[in-house]
There are 2 protein chains.
Amino acid sequence: MPRMFSSDHRDRCRNGRPDPFPVHTLKRVDRPTTLIHDDLVQRVDEREHGFNRAARGDFGPRLAAEFQRQVAKYPLSGALGTMTGVMGRLVEGGGAQSASRTGEKPAMPGVAGSVAPGTDDPGRMALHIKETAYFLRADAVGICELPAYAVYSHSRRGGMPAHLDHKYAVAILVDQDWRTASAFDGRDWISNSMSFLGYATAAFIAGILADYIRRLGYPARAHNALNYQVVVPPILLWAGLGELSRIGDTVINPFLGPRFKAAVVTTDLPLTVDKPIDFGLQDFCGKCRKCARACPSRALSDGGKEMHNGYEKWPTDVQKCTSMRVGNPKGAGCGTCIKVCPWNKPFTPLHRAVNRVVRTVPAVRRLAIWGDDLLGYGKAHSDQQWWLDLEDKDGVLNVPGRGAQRK
Amino acid sequence: MPRMFSSDHRDRCRNGRPDPFPVHTLKRVDRPTTLIHDDLVQRVDEREHGFNRAARGDFGPRLAAEFQRQVAKYPLSGALGTMTGVMGRLVEGGGAQSASRTGEKPAMPGVAGSVAPGTDDPGRMALHIKETAYFLRADAVGICELPAYAVYSHSRRGGMPAHLDHKYAVAILVDQDWRTASAFDGRDWISNSMSFLGYATAAFIAGILADYIRRLGYPARAHNALNYQVVVPPILLWAGLGELSRIGDTVINPFLGPRFKAAVVTTDLPLTVDKPIDFGLQDFCGKCRKCARACPSRALSDGGKEMHNGYEKWPTDVQKCTSMRVGNPKGAGCGTCIKVCPWNKPFTPLHRAVNRVVRTVPAVRRLAIWGDDLLGYGKAHSDQQWWLDLEDKDGVLNVPGRGAQRK
């Protein structure tokens, strides 16, 4: 809701800048703070992602079965997942739309026959596209050139080779809701719904934005959780929306922490791109380790970085992480790493001030990490629980044991 | 975006109450402040609404033609209108869904076969449904019993008699964006996009919420701008979301003013209802008259109330209002009344304080109305214009003359 503060905040902080968050205070760098050997990174086959491997049985028959019900087993994540699926059918316009689907009438028009006048200034268009995304209620937006290695080699949909030659990527972040993140324990029944709140809402915004760009006369495709042609993390790094963290392959935004989901619009609309950011996360994650210690499946490493497909990053055990998220017997999904991350905070005046100091003064980081525990962050404030503990078993909703205990 | 303030604001103001806006400070009354003779109100035939009359030619051939392009003539409202249309196909689940459309596979499941345990407490469910809508990023939510006269007699879709016997209505409000409302002049090219931002986003939230309620085992239908079975204003009055204003048939919310659009979910889920509110708007609108003076089509009255279909309200010339919104030659749509309304403000600490005084102290209202002009509210702050002035003519986008002059 709290758009009600927007104008106030924008008037005070933005001074004509498009971003509601004070991104102008961030240190910009030429390359992501994670070492990437661009020439060594291999394009990823979407079929090899953890969820798809679980679905096809690589992690055993139980997880293959659980994968089918993991979203629908909780009614709110089920509804959000269904809406995200609808958005997955609205990523392209006109012919491409119907071509990509089962002969369904295209819901959106294709690329306009002529280019809109005044849209050839990359600087003006970058500003305009960000303003448009914020008007559509995005929480953070960044733009980069689309790295070739950020395009999947093959789609999970029938293993079709992916072809995408758009020059630019616009990344849209949507908050998973701080209040819920403060109340939940990281892996109870609302967890998947928080993910799909971000997925569905970012997909909704990206779908409208891509349609808008096509109406301006430029090719554009939306990419969302249920219909990607791109790998999101490198796009977030190059678009200056965050740094790669100890939470495997997860990018942390300095203002939202890991508490967001992203959708992307790729396009050929000429855009001035953003630069990567450095807010000290490589040093911070090196010292913190809370996600690794809290991870219920021990999927995260509390050690050092390793080379993986051209990236020097903290390693993750994808099977352990996926098994917990898909097979969680006492909840729906898992976001324990998001829950306990010290960057998972509301953007209040106090936190804004602390945030800036921690970003800019390395010496205070150990103190901040220690104080975070002292102040009880990372704990479940179950007195604030607003959701119902329910589990769908064979079409019947029951109150699961653990939920009953929490009541 | 500014959900970043939510937790802060909620923690300070909510104390366990579901609503982010301080609705607990509002005066509650037993009946809407507008006199309604419940027994005299006739159900409305949707085909007789201004837009539908314009579409069928009641207001002449030019407006009938303009109606077809009024949303698509501006690319952003076109994209938002297309998404709203998609949401218009997602109001029901299962069979009803496919029955209501052209044999398309239902996108959403129907009502669950069994009722979720613990959902039979109306008080708990009212709180839960509000919390869920706010989690889905609604800006304001209210609940009432569905008045029989709020159901259309006939649908504009083929004139089918409307049948809806749900007991409750949950109304969801979405802000049209204060920053844009401050920048625009009320009737330039972004106007329709502001309306459809509210329509599309409220429809998105209502569609997910109705699906969620059906998964809990209760009938539920979403109602949005492109697929209503209900008349929205009386629902907003009974749900305590606002009072009927001088702006014809428009309900003003004490915190959003008229700067919102609504979607509704009707259901049989047992819910405790809200009571109507009285924040002095009948007295305020009696004194203000800014909307009537600013209306470019002279559609609003600066006189007194009149009886119309059982309501004692300020009259509107529907043909003049519709003709301006559909036929606006120098913009897309018209929201001049929303622009100049003194209740169209951001929810900043200063405005929150003034808001409370104006609501509770009748004597200061004339001063507030005078001061509003003095401080330049209601003026277009075109230096803040972020959108493009564009007009689609026969599939080609041009920069319209007036837009060029403003540059």
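Scroll up for the structure.
From a predicted model like this one, the values you see are computed outputs, not experimental measurements. (Residues numbered from 1 in each chain as written. Chains lettered and ligands numbered in written order. Predicted model: local features only at pLDDT ≥ 70, side-chain atom pairs only at ≥ 80, totals over all residues. Heavy atoms only, no water.)

(A) Focus on the relation of the copies chain B and chain A. For the pair chain B and chain A, the best superposition has an RMSD of 0.0 Å and corresponds to a rotation of 180 degrees with a translation of 0.0 Å parallel to the axis. On the angle and the small slide along the axis, the relation comes out as a two-fold axis. When the interface residues of chain B are mapped onto chain A, 100% of them are again interface residues, pointing to one common binding face. (Least-squares fit on C-alpha atoms with pLDDT ≥ 70 in both. Contact = heavy atoms within 4.5 Å.)

(B) Representation of unusual backbone geometry in the model. All names here are of chain A. Despite not being glycine, Asp249 shows a phi value in the positive range, around 60 degrees. The topology assignment puts Asp249 in the loop between β4 (243-244) and β5 (251-252). Unlike most non-glycine residues, Arg289 shows phi in positive territory, near 70 degrees. On the accessibility criterion, Arg289 (30% relative accessible area) is partly exposed. (Helix = DSSP H or I, 4+ residues; strand = E, 2+ residues; numbered from the N terminus. Buried < 20%, exposed > 50% of the residue type's maximum accessible area, 1.4 Å probe, protein only.)

(C) Local environment of the pattern of salt bridges. Tallying each qualifying case throughout the model produces 44 salt bridges over all chains. With its nearest N and O atoms 2.9 Å apart, the salt bridge here joins Asp139(B) to Arg137(A). Residue Asp139(B) is located in the loop between α6 (122-135) and β1 (140-145), and its partner Arg137(A) is located in the loop between α6 (122-135) and β1 (140-145); the two belong to separate chains. Arg137(A) carries the same exposure label as Asp139(B), and that label is buried. When the shortest N-O distance is used, the salt bridge between Arg215(B) and Asp211(B) registers 3.0 Å. Taken as a pair, Arg215(B) and Asp211(B) lie in helix α8 (residues 191-215) at a separation of 4 residues, close to a single helical turn. Of the two residues, Arg215(B) and Asp211(B), neither departs from the other in class, the shared state being buried. (Salt bridge = Lys/Arg side-chain N within 4 Å of Asp/Glu carboxyl O.)

(D) The arrangement of the nonpolar core in detail. Counting 226 residues, the largest nonpolar core has Met87(A), Leu209(A), Met87(B) and Leu209(B) as the members making the most contacts within it. With sequence-adjacent residues up to four places away left out, Leu209(A) is seen in contact with Ile129(A), Thr132(A), Ala133(A), Leu136(A), Val170(A), Ile172(A) and Val265(A). Counting residues in hydrophobic clusters, the runner-up holds 8 residues, among them Ile247(A), Cys291(A), Ala299(A) and Cys337(A). (Core = buried A, V, L, I, M, F, W, Y, C linked by side-chain atoms within 4.5 Å.)

(E) Inspection of the side chain of Asn227(B) at higher detail. All names here are of chain B. By the secondary structure assignment, Asn227 is in the loop between β3 (220-223) and α9 (232-238). Polar contacts involving the side chain of Asn227 include one to the side chain of Arg221, which spans 2.6 Å. Once you skip the residues sitting within four places of it in the chain, Asn227 turns out to touch Gly88, Val91, Arg156, Arg157, Arg221 and Ala222. (Polar contact = N/O pair within 3.5 Å; in protein donor to acceptor, adjacent residues only side chain to side chain.)

(F) Structural context of the sheet that holds strand β2 (residues 168-175) of chain A. Residues and elements named next belong to chain A. Spatial ordering of the open sheet is given by β1-β2-β6-β3, a layout of 4 strands whose pairing is antiparallel. A single partner strand is all that each edge strand has here, and the edge strands are β1 and β3 (220-223). The mean angle between the axes of side-by-side strands here comes to 20 degrees, regardless of whether they run parallel or antiparallel. Where α6 meets the sheet, it contacts β1 and β2, and its direction lies at approximately 145 degrees from that of β1. (Pairing = 2+ DSSP bridges. Axes fitted to C-alpha atoms, helices over the stretch in contact; angles between N-to-C directions.)

(G) View of helix α8 (residues 191-215) of chain A. Residues and elements named next belong to chain A. With 25 residues, α8 should cover 36 Å at 1.5 Å per step; its first-to-last C-alpha distance of 37 Å lies within 8% of that length. Across the 25 residues that make up α8, a large majority, 25, are buried. Positioned one or two residues after α8, Gly217 has a phi angle of 100 degrees, which is positive. (Expected span 1.5 Å × (residues − 1).)

(H) Broad picture of the interface of chain B and chain A. On the chain A side, the residues contacting the 77 residues of chain B number 79 residues. Counting across the interface, chain B meets chain A through 4 salt bridges. The partner of Arg179(A) in a salt bridge is Glu131(B), with the nearest N and O atoms 2.9 Å apart. In this structure, the connection of chain B to chain A is made through 11 residue pairs in polar contact (both at pLDDT 80 or more). Put simply, the parts of the chain that give the side of chain B that touches chain A at least two residues each are α1 (6-13), α4 (75-88), α6, β2 (168-175), α7 (178-183), α8, α14 (349-360) and β10 (396-398) of chain B. Broken down by element, the residue count for the side of chain B that touches chain A peaks at 11 residues, all from α8(B).

(I) Quick look at the packing of aromatic side chains. Applying the stated criterion across every chain yields a total of 21 aromatic pairs over all chains. Relative to Phe67(B), the ring of Phe51(B) has its centre 6.4 Å away and its plane inclined at 45 degrees; by these criteria the two rings are tilted. With Phe51(B) in helix α2 (residues 50-55) and Phe67(B) in helix α3 (residues 61-69), this pair connects stretches of sequence that are 16 residues apart. Overall, Phe51(B) belongs to the partly exposed group, its relative accessible area being 27%. Site record: aromatic cluster; members linked through ring pairs are Phe21(A), Phe255(A) and Phe347(A). Lying over the aromatic face of Tyr377(A), Lys345(A) brings its terminal NZ or CZ to 4.1 Å of the ring centre. Taking NZ or CZ as reference, Lys305(B) lies 4.8 Å from the ring centre of Trp314(B), over its face. (Phe/Tyr/Trp six-rings, centres within 6.5 Å; stacked < 30°, edge-to-face > 60°. Lys NZ or Arg CZ within 6 Å of the ring centre and 35° of its normal.)

(J) Seen up close, the sheet that holds β2(B). All names here are of chain B. Within the open sheet, the 4 strands sit side by side as β1-β2-β6-β3. Their pairing is antiparallel. The strands lining the two open edges of the sheet, one partner per strand, are β1 and β3. When strand polarity is set aside, the average angle formed by the axes of neighbouring strands in this sheet is 20 degrees. By the bridge criterion, 4 bridges tie β3 to strand β6 (residues 260-267) in an arrangement that is antiparallel. From the neighbouring strand, Ala222 faces β6, where its bridge partner is Val265. Sitting on the sheet, α6 is in contact with β1 and β2, with an inclination near 145 degrees to β1.

(K) Fine view of the packing of α4(B) against α8(B). Residues and elements named next belong to chain B. Taken N-terminus to C-terminus, the directions of α4 and α8 make an angle of 25 degrees; their axes are 9 Å apart at the nearest point. One finds that α4 runs roughly parallel with respect to α8. Crossing of α4 over α8 shows left-handed handedness. Each of Leu76, Ser77, Leu80, Gly81, Thr84 and Met87 in α4 lies in contact with α8, whose residues at this interface are Asn192, Ser193, Phe196, Leu197, Tyr199, Ala200, Ala203 and Phe204. (Parallel < 35°, antiparallel > 145°, perpendicular 65-115°, else oblique. Left-handed = near helix turned anticlockwise from the far one by under 90°.)

(L) Focus on the packing of α8(A) against α8(B). The N-to-C vectors of α8(A) and α8(B) enclose an angle of 150 degrees; their axes lie 12 Å apart at closest approach. Looking at the two axes, α8(A) sits roughly antiparallel to α8(B). As for the relative orientation of α8(A) and α8(B), their crossing is right-handed in sense. Between α8(A) and α8(B), the contacting residues are Ala200(A), Thr201(A) and Phe204(A) on the first element and Ala200(B), Thr201(B) and Phe204(B) on the second. By residue class, the composition of the contact of α8(A) with α8(B) is 4 nonpolar, 2 polar and no charged. (Nonpolar A, V, L, I, M, F, W, Y, C, P; charged D, E, K, R; others polar.)

(M) Structural context of α14(B). Residues and elements named next belong to chain B. Here α14 contains 12 residues, and its C-alpha end-to-end distance of 17 Å stays within 8% of the 16 Å for a straight helix at 1.5 Å per residue. Of the residues making up α14, those classed as buried are His351, Asn355, Val358 and Arg359. Along the long axis of α14, the arc covered by the buried residues comes to 100 degrees, so they all point the same way. Looking at the buried positions of α14, the neighbouring elements they touch are α10 (281-288) and α15 (365-374). (Arc of directions from axis to C-beta.)

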